[in-house]
Amino acid sequence: VIIAGGSYLEICSRPDWRRLFGSGLRATCAVAHLSPGAKLHTYSFKDWKDDIEHSAGAFGCEAFVTPIDQAISFSYNHPLSTARQFPPTLTRNLPLSVTGKTVLRFGFVEGDAVVNAECAVYDPQSSGPFVPFKSNGSSALHLAVVLNEDEAAATGSEAGTSTRELVERHGAEIVVIKRGPHGATVYSQDGTSSDIRPYLSDSVFKIGSGDVFSAAFAIYWAERGMDAGRAADLASRSVAQFVDGHALPLHDVAHDVGRRSAGVP
Amino acid sequence: MFVREVGMSGNSSPGSGNDPAKKRKGAKREDPADRCDLDFSADLSAVNLSLLRTLDAGDVLSVDRASVGSLEAVVCKGPKGEVIGTLAAIEGLAVLLDCLRRGVVYSAKIIRIHGATCTVRVRRTDK
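Bear in mind the structure is a predicted one, so any value in this text is a computation, not a measurement.

What counts and how
- Residues numbered from 1 in each chain as written.
- Chains lettered and ligands numbered in written order.
- Predicted model: local features only at pLDDT ≥ 70, side-chain atom pairs only at ≥ 80, totals over all residues.
- Heavy atoms only, no water.
- Helix = DSSP H or I, 4+ residues; strand = E, 2+ residues; numbered from the N terminus.
- Buried < 20%, exposed > 50% of the residue type's maximum accessible area, 1.4 Å probe, protein only.
- Contact = heavy atoms within 4.5 Å.
- Rg over C-alpha atoms; globule rule 2.2 N^0.38 Å.
- Areas by Shrake-Rupley, 256 points an atom, 1.4 Å probe, with all protein chains shown as cover.
- Lys, Arg positive; Asp, Glu negative; His and termini not counted.
- Charge placed at Lys NZ, Arg CZ, Asp CG, Glu CD.
- Pairing = 2+ DSSP bridges.
- Axes fitted to C-alpha atoms, helices over the stretch in contact; angles between N-to-C directions.
- Phe/Tyr/Trp six-rings, centres within 6.5 Å; stacked < 30°, edge-to-face > 60°.
- Expected span 1.5 Å × (residues − 1).
- Polar contact = N/O pair within 3.5 Å; in protein donor to acceptor, adjacent residues only side chain to side chain.

Student: Is there a simple way to think about the overall build of chain B in this case?
Tutor: A tally of regular secondary structure across chain B gives two helices and seven strands. Listing the helices and strands of chain B from first to last along the sequence gives β-β-α-β-β-β-α-β-β. Every one of the 127 residues in chain B was classed for burial, and the buried ones make up 50%. Counting contacts in chain B only where the partners sit at least 6 residues apart, residues at least 24 apart contribute 56% of the total.

Set out below in structure tokens:
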């Protein structure tokens with residue numbers, strides 16, 4: 001898989017935690033076992049470029065880093081709190097260009113990625129105006145869009161929207177709406193939808209859980225060709241595994257029958 | 001524009017004030033007398049759980065380089081030389097690697113083990 005996503009400094013006050021991740025690097029590290037040799041296309045502050053390349057390398061992955069002048073960080077009071085971005089105003093950099101069979105594209109705060117893929121998963125990562133996948137020249141034969149509830153509401157994809165309307169609005173075959181502790185819902189082009197359960201973990205370190213959901217979904221749906229509902233269920237299981245101590249890389253949960261569901265969504 | 005999802009459903013907001021990135025706690029130090037005089041805490045990545053179960057807080061791991069394809073990684077090893085986990089996704093990782101290449105010796109003392117999480121304090125030990 002090829003991943004296009006940001007690499008940022010993440011700082012949490014309690015517990016004291018400071019790591020270089022961001023959606024792109026985290027997703028790359030997450031899928032290192034599931035998709036050996038995963039490639040990351042990212043921007044990063046110039047002083048972090050070598051750190052990010054070696055970090056991806058430590059997981060057997062490869063990072064293609066476009067250096068930038070701004071050191072972008074996201075700070076949290078605690079893992080469930082809202083993140084504060086620094087600097088508040090960012091320079092928009094020229095878009096990255098990514099071509100591959102299977103691509104996971106995240107939204108960036110400092111730029112963009114133009115993706116050409118056979119199969120793509122798009123996680124816009126913004127509750128601002130929704131930017132359709134194809135609006136920047138990206139193309140994919142098969143596309144799934146992963147949104148959180150705020151993003152879904154911003155695009156008029158709230159409860160009551162018909163499934164067919166929803167997938168057409170996003171120009172996708174599949175739309176997945178993440179509902180945090182309530183699991184997720186998968187909407188398909190054929191007019192069906194399915195609710196995905198959340199799974200229990202012993203502890204919760206939430207920072208990056210959305211990145212991991214999208215990363216796991218991209219592997220199981222886009223790379224392995226699984227049914228979207230099954231792939232989203234495995235992504236939900238992967239999140240439960242991850243949030244229990246920010247454990248990376250992910251293990252293959254395709255045969256994981258031991259984890260308990262947190263209930264019917 | 002700058003609101004950004006960071007969890008399964010969370011959002012972020014623009015920050016203000018001082019740059020939090022300048023308060024370094026990673027492998028990089030401000031104005032070091034010797035850039036290899038590192039002292040920082042970090043969680044290990046890619047932890048070998050079966051080996052981790054044989055260890056306790058207070059145990060000391062060695063810090064070494066390991067080849068991964070064309071790149072090098074920094075690993076923490078147990079008493080028999082077995083890799084317990086990797087140091088990755090930290091600021092200054094490249095500096096740490098460079099110092100190891102130049103023969104600087106570090107140890108990693110286990111501060112805490114919680115499930116699959118192993119937190120270590122890495123310090124220079126050849127001075």
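Student: It is not clear to me how the overall build of chain A should be interpreted in this structure. Could you clarify?
Tutor: What chain A contains, in helices and strands, is six helices and 13 strands. Relative to the globule expectation of 18 Å for 265 residues, the C-alpha radius of gyration of chain A, 17 Å, shows essentially globular dimensions. In terms of overall dimensions, chain A has C-alpha extents of about 50 × 45 × 35 Å along its principal axes. Relative to its full complement of 265 residues, chain A shows a buried share of 63%. Taking the contacts inside chain A whose residues are at least 6 apart along the sequence as the reference set, 56% of them involve residues at least 24 apart. Of the accessible surface of chain A, which amounts to about 9600 Å², a share of 50% is contributed by carbon and sulfur atoms. Taking the average location of the 23 positive side-chain charges in chain A and that of its 29 negative ones, the two points are 2 Å from each other.

Student: Explanation requested: the sheet that holds strand S5 (residues 83-87) of chain B in the structure shown.
Tutor: In a beta sheet, neighbouring strands pair by backbone hydrogen bonds and run either parallel or antiparallel. What the six strands build is an open sheet, ordered S2-S7-S6-S3-S4-S5 (chain B); its pairing is antiparallel. Of all the strands in the sheet, just strand S2 (39-43) and S5 of chain B have a single pairing partner and so form its edges. Taken over all neighbouring pairs, the strand axes of this sheet differ in orientation by 40 degrees on average, direction set aside. On the sheet, helix H2 (residues 49-58) of chain A packs against strand S3 (60-68), strand S4 (71-77) and S5 of chain B and is oriented at approximately 65 degrees with respect to S4(B). Those strands touched by helix H2 (residues 93-101) of chain B are S2, S3, S4, S5 and strand S6 (106-114) of chain B, and its axis lies near 80 degrees from that of S4(B).

Student: Help me understand the packing of aromatic side chains, please; the structure alone is not making it clear to me.
Tutor: Two descriptors summarise a pair of aromatic rings, namely the distance from one centre to the other and the angle between the planes of the rings. Residue and element names in this part refer to chain A. All chains considered together, the criterion is met by seven aromatic pairs over all chains. Relative to Phe21, the ring of Trp17 has its centre 6.4 Å away and its plane inclined at 10 degrees; by these criteria the two rings are stacked. Ring centres 5.2 Å apart and planes at 80 degrees place the aromatic pair Phe45 and Trp48 in the edge-to-face group. Put simply, the rings of Trp17, Phe21 and Phe205 pair up and form one aromatic cluster.

Student: I would appreciate a short explanation of helix H6 (residues 228-243) of chain A in the present structure.
Tutor: For an α-helix, 3.6 residues make a turn, and residues three or four places apart therefore share a direction. Residues and elements named next belong to chain A. For H6, which comprises 16 residues, the first-to-last C-alpha distance of 22 Å matches the rise-based estimate of 22 Å (1.5 Å per residue) to within 8%. Counting buried residues along H6, 15 of its 16 residues qualify, which places the element largely inside the surrounding structure. The N-capping residue of H6, defined by a side-chain oxygen 3.0 Å from the backbone nitrogen of Gly229, is Asp227. Residue Gly245 follows H6 closely and has a positive phi angle near 100 degrees.

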